[in-house]
Amino acid sequence: MAEAERIIGTPDTPDDGGERPAAADAGERQAPAPRRTGRGRRIAVLFAVAAFAYAVDLISKMLVVSRLEGHAPIQVVGDLLELHAIRNPGAAFGFGAAFTIIFTLIAAAVIVVIIRLARKLHSFPWAVALGLLLGGALGNLTDRIFRSPGVFEGEVVDFIAPKGFAVFNLADSAIVCGGILIVLLSFRGLDPDGTVHKD
């Protein structure tokens, strides 16, 4: 009998404060609703930024291959900045030319991690940062898969050549900008789920 009263009687005791925790619980259950909506917007921002970065990189490489490859470099700012088409088998900025397949696998892994992380995303700045990383990784991965000499060994098209610096492309720029933004967000204690912590 006592057990039955415990099970049945607990929800029916509004005067002893039992109702208020239930209301609080209901409020807590309703609170994530706007967060889910917000998360949807953040995910949309992530993929919109990624799509933009990817499209700009892809179009720029198509133009470089069709109009610049095999021609003399074009000077943009005197000899300080040139457009000079090269094929890069290595990582960003020409590093690690002997590890093309490894860099291809790393890029694919980064894409998977970003997509999985998107499920917990509640921060607009993180959405932008991850979008830049995703778009840049997709841009260079497309070269790795579809360009010569073969699948997963393709050489990336680079063409931005500052004086005294490695030649790179817009995908590399997106990756670097996304990485810098992530470092800044981490220093500020802002996590992808929107929480802020201080060490």
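A. Layout of helix H6 (residues 170-187). Between its first and last C-alpha atoms H6 spans 26 Å; for 18 residues at 1.5 Å apiece the expected length is 26 Å, and the two agree. Buried within H6 are the following residues: Ala171, Asp172, Ala174, Gly178, Ile182 and Leu185. On an axial view of H6, the arc spanned by its buried residues comes to 160°, and they lie on one face. At the N-terminal end of H6, a side-chain oxygen is found 2.9 Å from the backbone nitrogen of Ala171, two or three residues along, and the residue is Asn169.

B. Just the side chain of Lys61, in detail. Inspection of the secondary structure assignment puts Lys61 in helix H3 (residues 32-67). Of note is the side chain of Lys61, whose polar atom sits 2.9 Å from the side chain of Asp57. Within the local environment of Lys61, its side chain forms a polar contact with the side chain of Asn140, the two groups lying 3.1 Å apart.

C. Here's a closer look at a nonpolar patch on the surface. Nonpolar side chains collect at one region of the surface, where Ile74, Val76, Val77 and Leu80 lie side by side and expose about 350 Å² of accessible area between them. With respect to the element layout, Ile74 can be found in strand E1 (residues 74-77). When its relative accessible area of 44% is taken as the criterion, Ile74 is described as partly exposed.

D. Structural view of the sheet that holds E1. The three strands are arranged E1-E2-E3 in an open sheet whose pairing can be described as antiparallel. On the outer flanks of this sheet lie E1 and strand E3 (156-162), each paired with one strand and no other. Strand-to-strand twist in this sheet, taken as the mean axis angle between neighbours without regard to direction, amounts to 35°. Pairing between E1 and strand E2 (residues 81-88): three bridges, direction antiparallel. The residue bridging Ile74 from the neighbouring strand is Leu83, located in E2.

E. View of the packing of aromatic side chains. The tally for this structure, following the rule as stated, stands at one aromatic pair. A ring pair is formed by Phe165 and Phe168, whose centres lie 6.2 Å apart and whose planes are at 80°; its orientation type is edge-to-face. Of the residues examined, Phe168 reaches a relative accessible area of 12% and is grouped as buried.

F. Region of interest: helix H5 (residues 124-146). Taking 1.5 Å as the rise per residue, H5 with 23 residues should run 33 Å; its terminal C-alpha atoms sit 33 Å apart, in good agreement. For H5, the N-terminal cap is Ser123; the gap from its side-chain oxygen to the backbone nitrogen of Trp126 is 3.4 Å.

G. Quick look at the nonpolar core. With 18 residues, the main nonpolar core has Leu46, Ile114, Leu121, Trp126, Leu130, Leu134 and Ile182 as its most contacted residues. Contributing elements (two or more residues each) for this core: H3, helix H4 (100-117), H5 and H6. Top contributing element to this core by residue count: H5, with eight residues. Every residue in contact with Ile182, bar those within four places of it in the chain, is listed here: Trp126, Ala129, Leu130 and Leu133.

H. Fine view of the packing of H5 against H6. One can describe the packing of H5 onto H6 by two numbers: an axis separation of 8 Å at closest approach and a directional angle of 150°. Judged by the angle between their axes, H5 and H6 are roughly antiparallel. H5 and H6 meet at a crossing whose hand is left-handed. The segment H5 lies against H6, with Pro125, Trp126, Val128, Ala129, Leu130, Leu132, Leu133, Gly136, Ala137, Gly139 and Asn140 engaging Ala171, Asp172, Ala174, Ile175, Cys177, Gly178, Gly179, Leu181, Ile182, Leu185 and Ser186.

Calculation criteria
- Residues numbered from 1 in each chain as written.
- Predicted model: local features only at pLDDT ≥ 70, side-chain atom pairs only at ≥ 80, totals over all residues.
- Heavy atoms only, no water.
- Helix = DSSP H or I, 4+ residues; strand = E, 2+ residues; numbered from the N terminus.
- Expected span 1.5 Å × (residues − 1).
- Buried < 20%, exposed > 50% of the residue type's maximum accessible area, 1.4 Å probe, protein only.
- Arc of directions from axis to C-beta.
- Polar contact = N/O pair within 3.5 Å; in protein donor to acceptor, adjacent residues only side chain to side chain.
- Patch = residues over 30% accessible without salt bridge, like charges linked within 9 Å, V, L, I, M, F, W, Y side chains within 5 Å.
- Areas by Shrake-Rupley, 256 points an atom, 1.4 Å probe, with all protein chains shown as cover.
- Salt bridge = Lys/Arg side-chain N within 4 Å of Asp/Glu carboxyl O.
- Pairing = 2+ DSSP bridges.
- Axes fitted to C-alpha atoms, helices over the stretch in contact; angles between N-to-C directions.
- Phe/Tyr/Trp six-rings, centres within 6.5 Å; stacked < 30°, edge-to-face > 60°.
- Core = buried A, V, L, I, M, F, W, Y, C linked by side-chain atoms within 4.5 Å.
- Contact = heavy atoms within 4.5 Å.
- Parallel < 35°, antiparallel > 145°, perpendicular 65-115°, else oblique.
- Left-handed = near helix turned anticlockwise from the far one by under 90°.

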